[in-house]
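Given next are the chains, with one letter for each unit.
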Amino acid sequence: MISQIVTLVGVLAGALTSFLVTSVAERTRHRRTMATRWDERKLATYIEYAECVKEISSTAKRARQAAEGSDERADYLARMETAELRRSVLFETLVLLASPAAIEAAHEVNLALWREEIATRNGEGGDEEGELIELMNRYHERARADLGVASGGLAA
């Protein structure tokens with residue numbers, strides 16, 4: 001009878017151990033899957049935001065080059081406004097997903113971009129382009145750090 005109890009306790013201990021190990025492994029796998037899913041979404045948001053900023057900046061540049069009062073300039077200004085609305089929504093998504101450092105870098109990009117847009121609407125030159133490039137580089141660095149991507153400097 002004692003040997004049967006020892007056998008039963010051994011089976012129960014083995015079943016409990018198997019259950020605990022499987023539960024921990026499943027929980028770990030689920031966390032890894034969720035982290036990967038959010039990293040993919042973060043990457044897509046970082047890329048979309050950067051593309052939108054570039055679209056606004058290049059459209060603003062074209063608007064400044066177009067003749068004042070022309071249909072071409074009005075079209076570029078309208079495109080700039082549409083892209084600005086999209087950038088605003090993307091920034092909100094970025095605030096929900098990104099690291100604080102990347103959010104701060106994106107906010108600095110926003111400020112420079114708004115200055116460029118205002119200058120464009122007022123028919124002034126766009127001196128903000130160099131500043132915007134520098135700020136976008138900082139944004140890219142912070143996004144890479146948030147995603148855990150090794151950062152390599154640009155070769156000269």
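Structure: above.
A brief look at the structure comes next. Computed from a predicted model, the values in this text were never measured in an experiment. (Residues numbered from 1 in each chain as written. Predicted model: local features only at pLDDT ≥ 70, side-chain atom pairs only at ≥ 80, totals over all residues. Heavy atoms only, no water.)

What follows concerns the environment of K61. Locating K61 in the fold gives a position in helix α1 (residues 2-65). By relative accessible area, K61 is classed as partly exposed at 36%. Distance in space between the C-alpha atoms of K61 and E116 is 8.9 Å, their sequence separation being 55 residues. (Helix = DSSP H or I, 4+ residues; strand = E, 2+ residues; numbered from the N terminus. Buried < 20%, exposed > 50% of the residue type's maximum accessible area, 1.4 Å probe, protein only.)

Turning our eyes to something else, we now look at helix α3 (residues 100-121). For α3, which comprises 22 residues, the first-to-last C-alpha distance of 31 Å matches the rise-based estimate of 32 Å (1.5 Å per residue) to within 8%. Residues of α3 that are buried: A102, I103, A105, A106, V109, N110, A112, L113, E116, E117, A119 and T120. Following α3 by one or two positions, G123 has its phi on the positive side, about 75°. (Expected span 1.5 Å × (residues − 1).)

This brings us to the pattern of salt bridges. When the charged atoms of two side chains lie near each other, side chains of opposite charge can form a pair. For the structure on display, the rule yields eleven salt bridges. Across the salt bridge formed by K42 and D146, the nearest N and O atoms sit 3.2 Å from each other. Here the residue K42 occupies a position in helix α1, and D146 occupies one in helix α4 (residues 129-147), the gap between them amounting to 104 residues. One salt bridge in this structure joins R73 and E68, with 3.4 Å as the shortest N-O distance. (Salt bridge = Lys/Arg side-chain N within 4 Å of Asp/Glu carboxyl O.)

Taken N-terminus to C-terminus, the directions of α3 and α4 make an angle of 160°; their axes are 8 Å apart at the nearest point. By the angle class used here, α3 and α4 are roughly antiparallel. Regarding α3 and α4, the two cross each other, and that crossing is left-handed. For the pair α3 and α4, the contacting residues are A101, A102, A105, A106, E108, V109, A112, L113, R115 and E116 in the first and E131, L132, L135, M136, R138, Y139, R142 and A143 in the second. Taken together, the residues that form the contact of α3 with α4 break down as twelve nonpolar, no polar and six charged. (Axes fitted to C-alpha atoms, helices over the stretch in contact; angles between N-to-C directions. Parallel < 35°, antiparallel > 145°, perpendicular 65-115°, else oblique. Left-handed = near helix turned anticlockwise from the far one by under 90°. Contact = heavy atoms within 4.5 Å. Nonpolar A, V, L, I, M, F, W, Y, C, P; charged D, E, K, R; others polar.)

Taken by themselves, the reported measurements are silent on function.
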